[in-house]
Amino acid sequence: MKKYFYTHIVDTSSLSLELADMSLDPKERLHLISLINSNIHHEVLDLILSELTPADKKTFLMHLASDNHDKVWRFLNSKIENIEEKIKKTAEDLKKELHKDIKEMLAKS
Amino acid sequence: MTQSHYKHLRDRWRARHEGLTRKLWNKHRESLDWLSNNYRQLVAGSLGGLMLLTGHGSNPSVSSPYANASEPAVQKIDKKVFLVSDLAKILPSMVRVLTNEEEQRISDILSRAFGLKVAAELGGKRLNRSYGLIGSEQHLVRYPGDTLNTHFDSDKERKSYWQSGMAPGFGAWRYFASSKEALTQLDKDREKYYIAVQTFLSKDFNSRFAEYRDFYKYRKMLVVNPNNGKAIIADIADAGPSEWSGKHLGGSPEVMHYLERFDGSQKGSVLYFFIDDPDDKIKLGPINELS
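Throughout this description, residue numbers start from 1 for each chain and increase along the sequence as written. Chains carry letters and ligands carry numbers; both start at the beginning, A for chains and 1 for ligands, and go up in the order they are written. Only residues with pLDDT of 70 or above have their local features reported here, since the model is predicted, and side-chain atom pairs are shown and tallied only from 80 upward, although totals for entire chains, interfaces and linings are computed over all residues. Note that the side-chain values use all heavy atoms of the structure and ignore hydrogens as well as water.

**Points about the overall build of chain B**
Then step 1. Within chain B one finds 12 helices and 10 strands.
Then step 2. Counting over 291 residues, chain B shows a buried share of 49%.
Then step 3. Taking the intrachain contacts of chain B between residues at least 6 apart in sequence as the baseline, contacts between residues at least 24 apart amount to 75%.
Then step 4. The method behind every accessible area is Shrake-Rupley, applied with a 1.4 Å probe, and residues are considered shielded solely by the protein chains displayed. Counting only carbon and sulfur atoms, one obtains 49% of the accessible surface of chain B, whose full area is about 14700 Å². Elements are defined by DSSP. Helices are runs of H or I of four residues or more, strands are runs of E of two residues or more, and each kind is numbered from the N terminus. Here's how the labels work: a residue is buried when its accessible area is under 20% of the maximum for its type, exposed when over 50%, partly exposed in between, all with a 1.4 Å probe on protein chains only. Contacts: residue pairs with any heavy atoms within 4.5 Å of one another.

Here is the structure:
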């Protein structure tokens with residue numbers, strides 16, 4: 001799977017393991033994992049873009065497009081206070097929601 | 001039942017995803033349009049960081065393996081893919097000593113994936129590390145008089161592993177059996193699937209030598225190549241390599257071959273965790289099926 005610039009601080013294994021417990025078909029599990037990652041990615045991008053000025057948004061997107069993680073982090077750290085913690089929190093909040101989705105579904109079945 | 005679970009979560013998370021995409025574009029349309037117009041080639045390319053921003057990529061169903069489920073080549077997805085993916089999210093980019101938290105997460109994943117109870121620490125004892133670079137070891141003499149001429153059970157084995165040679169000395173526990181006649185299948189497997197680990201770098205090794213010696217003798221370990229998901233049940237039968245070698249453990253020719261690891265400039269990393277097997281029920285050798 002693709003490593004994003006924030007992959008090392010966002011651990012989704014708890015969700016992956018929970019899906020593993022459900023005896024899903026491998027293709028299904030892979031698809032759900034891709035949806036998890038995609039949802040997290042959009043939340044993280046929204047968080048970052050919401051904290052930047054229009055000019056900085058463009059700079060950030062250029063660094064993101066170049067896939068240079070070091071540049072992305074250097075830029076974000078210079079522009080947004082505690083960005084690492086904010087990304088972690090955003091991802092954690094979403095993970096809680098996704099865990100809740102699983103829990104609710106299992107409770108109904 | 002599980003099919004309905006999948007559909008339920010897929011629909012829910014897909015709807016959530018569509019909502020997030022809409023929100024993202026509504027709030028940041030100007031910047032995203034700018035990027036799309038100025039970096040079209042990049043956006044349309046394979047850059048995962050941006051693929052999701054494009055119209056096509058924003059719908060996971062298009063790029064998901066499930067969308068192509070009718071194609072035979074995609075139908076069989078190796079479970080190792082999940083393992084490799086899960087491990088990649090936790091392992092550092094450089095090979096280093098793992099933190100206790102990282103070890104715990106990884107041992108949870110490995111225990112689940114292989115249906116075994118594995119841990120970096122067992123009975124208060126632990127090696128100097130659980131993630132390191134593996135190098136090649138040679139075959140070990142199993143009984144007095146064992147040579148390369150007597151070492152292999154088949155021509156295939158001989159052809160594959162002869163060139164690795166025989167270690168000039170004994171393994172850590174000397175002979176595996178007292179004679180050729182006394183050699184059992186377990187003895188053979190213990191030599192075939194052995195690893196050498198840096199027992200001497202364990203904390204308080206010298207002051208607790210006898211305790212550690214008894215603990216490490218043929219102790220089973222799960223050894224995993226995190227890059228391809230291949231795993232083998234190995235046993236500790238030698239001590240090494242030296243600290244200055246730049247390697248952290250060694251594998252028998254058979255272990256290295258199975259894990260697809262090589263020595264020298266191509267040396268790569270493995271995870272190695274103790275297996276909690278008090279009843280000695282787990283067999284040594286490659287694990288072909290994930291649970």
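**Notes on the packing of helix 2 (residues 26–51) of chain A against helix 3 (residues 54–66) of chain A**
Then step 1. Here the axes come from fitting lines to C-alpha atoms, over the contacting stretch only for helices, and the angles between their N-to-C directions go from 0 to 180 degrees. The interhelical angle for the contact between helix 2 of chain A and helix 3 of chain A, taken along N-to-C directions, is 145°, at an axis separation of 9 Å. Listed contacts from helix 3 of chain A to Leu45(A), Ile48(A) and Leu49(A) of helix 2 of chain A are Lys57(A), Phe60(A), Leu61(A) and Leu64(A).

**Comments concerning the nonpolar core**
Then step 1. Residues Leu110(B), Phe114(B) and Leu222(B) are the most contacted members of the largest nonpolar core, which totals 55 residues.
Then step 2. If we skip the residues at most four places from it in the chain, Leu222(B) touches Leu110(B), Phe114(B), Leu116(B), Val118(B), Ala231(B), Ile232(B), Ile233(B), Leu271(B), Tyr272(B), Phe273(B), Ile275(B) and Ile287(B).
Then step 3. Counting residues in hydrophobic clusters, the runner-up holds 44 residues, among them Val10(A), Leu15(A), Leu32(A) and Leu64(A). Within this scheme, the nonpolar core is defined by two criteria: the residues are buried Ala, Val, Leu, Ile, Met, Phe, Trp, Tyr or Cys, and they are joined through side-chain atoms within 4.5 Å.

**Observations concerning the pairing of strand 7 (residues 231–239) of chain B**
Residue and element names in this part refer to chain B.
Then step 1. Within strand 7, eight of the nine residues are buried, leaving the element largely enclosed by the surrounding structure.
Then step 2. Pairing between two strands requires that DSSP report at least two bridges joining them. Pairing of strand 5 (residues 194–197) with strand 7, which is carried by four bridges, proceeds in the parallel orientation. Bridged to valine 197 within strand 7 is alanine 239.
Then step 3. Inspection of the sheet shows strand 6 (residues 220–224) paired to strand 7 by five bridges, in the antiparallel sense. By the bridge assignment, valine 223 is partnered in strand 7 with isoleucine 232.

**Notes on the packing of aromatic side chains**
Residues and elements named next belong to chain B.
Then step 1. Stacked, tilted and edge-to-face are the three classes assigned to paired rings of Phe, Tyr and Trp, where Trp is represented by its six-membered ring and a pair needs centres within 6.5 Å; plane angles under 30 degrees give stacked, over 60 edge-to-face, the rest tilted. Scanning the model with the defined rule gives 13 aromatic pairs over all chains in all.
Then step 2. Between phenylalanine 170 and tyrosine 175 the ring centres are 4.7 Å apart and the planes differ by 85°, which places this aromatic pair in the edge-to-face class.
Then step 3. Among the residues examined, phenylalanine 170 registers a relative accessible area of 35% and is labelled partly exposed.
Then step 4. On the basis of relative accessible area, tyrosine 175 is assigned to the partly exposed category, the value being 30%.
Then step 5. Taking 5.7 Å as the distance between ring centres and 35° as the angle between the ring planes, the aromatic pair formed by phenylalanine 176 and tyrosine 218 counts as tilted. Within this pair, whereas phenylalanine 176 is found in the loop between helix 9 (155–161) and helix 10 (185–192), its partner tyrosine 218 is found in the loop between helix 11 (209–216) and strand 6, the two being separated by 42 residues in sequence. Side by side, phenylalanine 176 and tyrosine 218 carry an identical accessibility label, which is buried.
Then step 6. A network of ring pairs unites the aromatic residues Phe205, Phe209, Tyr212, Phe215, Tyr216 and Phe274 as a single cluster.

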